[in-house]
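If you want the building blocks of each chain, they are given just below.
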Amino acid sequence: MGQISLQAVCRTYTTGTTKQKVLDKVDLQISDGNFSVVCGPSGSGKSTLLNIIGTLDAPDDGSVMIEGVDVSTLTENKLAQFRNKNIGFIFQNFHLLPVLTAAENVAWPLYFKGVKRRERMRIAKEKLGLVGLANHVNKLPKHLSGGERQRVAIARALVCEPSIILADEPTANLDRKTARKILDVMKKLNEHHQVTFLCATHDNLVVEYAKQLITLADGKLTTEATTKAEAKGAS
Ligand SMILES: Nc1ncnc2c1ncn2[C@@H]1O[C@H](COP(=O)(O)OP(=O)(O)O)[C@@H](O)[C@H]1O
Ligand SMILES: [Mg+2]
């Protein structure tokens, strides 16, 4: 079994009298240490899939196992704890709090774990160092470039040491050169810190980094291992 395992997952949205089947009996295995990329056109269900894997949304049918846990068995409280411990999130619009500095934004999730302020700030600065922002810890988001903001968001996603990071269109608002830098940071974290990545994207640059490529169309999903995964297996 993979670290992420979906079986016959279905998700239908109902708007008024219209029903739209976005995920139709989807099966998926994502193993430890993978760099998986979900691609597909806008509206194909990429965010829906990520939200379900991130336990922010539940399927209508089918099972979702994360780290061997059937997440449907967890109460709301346990689920929030489970998510905080195991899963980090990165979004297209960075989702940083404008009134907090880079370090305070990164430290924020640790507050919910009861970590004291001094220790929170120490860990936050360490994570900002990992993404190359050691010199920007006291800056507000408005004083950072787009690429720097996304690196703050990556540091925040890392702060609780999750085994999985879900990234929804992480490069959509970045120029190409900056997008590549962000992907290189994610690649480094994947290779040297054993973080599993799952990115949803319609950016071909992200596809270049995939070890496992997942394509969504018409509610169905196909997966293929890329040459990157083979190269890693062979080394
Ligand atoms: N909460 C919702 N209620 C109704 N329809 C939704 C909702 N979320 C997404 N959809 C619809 O489901 C489809 C897939 O959406 P989404 O998962 O966001 O796709 P993608 O991320 O690939 O662009 C779209 O047609 C979208 O309009
Ligand atoms: Mg989306």
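Residues numbered from 1 in each chain as written. Chains lettered and ligands numbered in written order. Predicted model: local features only at pLDDT ≥ 70, side-chain atom pairs only at ≥ 80, totals over all residues. Heavy atoms only, no water.

(A) Spatial organisation of the sheet that holds strand E6 (residues 87-91). Judged by pairing direction, the sheet is mixed, and its six strands sit side by side in the order E6-E7-E8-E3-E9-E10 without closing on themselves. Two strands bound the open sheet, and with one partner strand each, they are E6 and strand E10 (220-225). Shown here is a sheet whose adjacent strand axes are inclined to one another by a mean of 15°, direction ignored. Where E6 meets strand E7 (residues 164-168), five bridges bridge the pair, whose relative direction is parallel. Residue pairing in the sheet places Ile 90 in a bridge with Ala 167 of E7. Helix H2 (residues 76-86) rests against E6 and E7 of the sheet, and its axis sits at about 75° to E6. Relative to the sheet, helix H6 (residues 176-192) contacts strand E3 (35-39), E7 and strand E8 (196-201), its axis offset from that of E8 by approximately 150°. (Pairing = 2+ DSSP bridges. Helix = DSSP H or I, 4+ residues; strand = E, 2+ residues; numbered from the N terminus. Axes fitted to C-alpha atoms, helices over the stretch in contact; angles between N-to-C directions. Contact = heavy atoms within 4.5 Å.)

(B) Broad picture of the site of ligand 1. Every residue lining ligand 1 is accounted for by Tyr 13, Thr 15, Gln 20, Val 22, Pro 41, Ser 42, Gly 43, Ser 44, Gly 45, Lys 46, Ser 47 and Thr 48. Here an oxygen atom of ligand 1 sits 2.8 Å away from a polar atom, N or O, in the side chain of Lys 46. Within the contact set of ligand 1, an oxygen atom lies 2.9 Å away from a side-chain nitrogen or oxygen of Ser 47. When ligand 1 is considered free in solution it has 560 Å² of accessible area, and contact with the protein chains removes 61% of it. Of all the secondary-structure elements, those providing two or more residues to the shell around ligand 1 are strand E1 (4-15), strand E2 (18-30) and helix H1 (46-53). Of the residues forming the shell around ligand 1, the biggest block, three residues, is contributed by H1. (Near = heavy atom within 4 Å. Polar contact = N/O pair within 3.5 Å; in protein donor to acceptor, adjacent residues only side chain to side chain. Areas by Shrake-Rupley, 256 points an atom, 1.4 Å probe, with all protein chains shown as cover.)

(C) Structural view of the sheet that holds E2. Taken in spatial order, the four strands line up as E2-E1-E4-E5 in an open sheet, and their pairing is antiparallel. With one partner strand each, in any of the chains shown, E2 and strand E5 (69-70) form the two edges of the open sheet. The sheet contact formed by strand E4 (residues 61-66) and E5 spans two bridges and is antiparallel. By the bridge assignment for E5, Ile 66 is matched with Val 69. Those strands touched by H1 are E1, E2 and E4, and its axis lies near 125° from that of E1.

(D) Seen up close, helix H5 (residues 146-158). When the terminal C-alpha atoms of H5 are compared, their 19 Å separation across 13 residues agrees well with the 18 Å that a helix rising 1.5 Å per residue should span. Of all the 13 residues making up H5, 11 are buried; the element is thus mostly covered by neighbouring parts of the structure. Residues of H5 that are buried include every one of Gly 147, Glu 148, Gln 150, Arg 151, Val 152, Ala 153, Ile 154, Ala 155, Arg 156, Ala 157 and Leu 158, and no others. Where H5 is buried, its residues touch E6, helix H3 (102-111), helix H4 (117-130), E7 and H6. (Expected span 1.5 Å × (residues − 1). Buried < 20%, exposed > 50% of the residue type's maximum accessible area, 1.4 Å probe, protein only.)

(E) Highlighting the nonpolar core. Formed by 45 residues in total, the largest nonpolar core has its most connected members in Leu 128, Val 152, Ile 154, Met 186 and Phe 197. Elements that contribute at least two residues to this core include exactly E3, H3, H4, H5, E7, H6, E8 and helix H7 (204-207). Every residue in contact with Leu 128, bar those within four places of it in the chain, is listed here: Ala 102, Ala 103, Val 106, Leu 133, Ala 134, Val 137, Val 152 and Ala 155. Core analysis: the second largest hydrophobic core is formed by 27 residues, Leu 28, Ile 30, Leu 49 and Leu 221 among them. (Core = buried A, V, L, I, M, F, W, Y, C linked by side-chain atoms within 4.5 Å.)

(F) Spatial organisation of a nonpolar patch on the surface. On the surface, Leu 97, Trp 108, Tyr 111 and Phe 112 cluster together into a nonpolar patch covering about 450 Å² of accessible area. The residue Leu 97 is located in the loop between E6 and H3 in this model. A residue is classified by how much of its surface remains accessible, and Leu 97, at 37% relative accessible area, is partly exposed. (Patch = residues over 30% accessible without salt bridge, like charges linked within 9 Å, V, L, I, M, F, W, Y side chains within 5 Å. Salt bridge = Lys/Arg side-chain N within 4 Å of Asp/Glu carboxyl O.)

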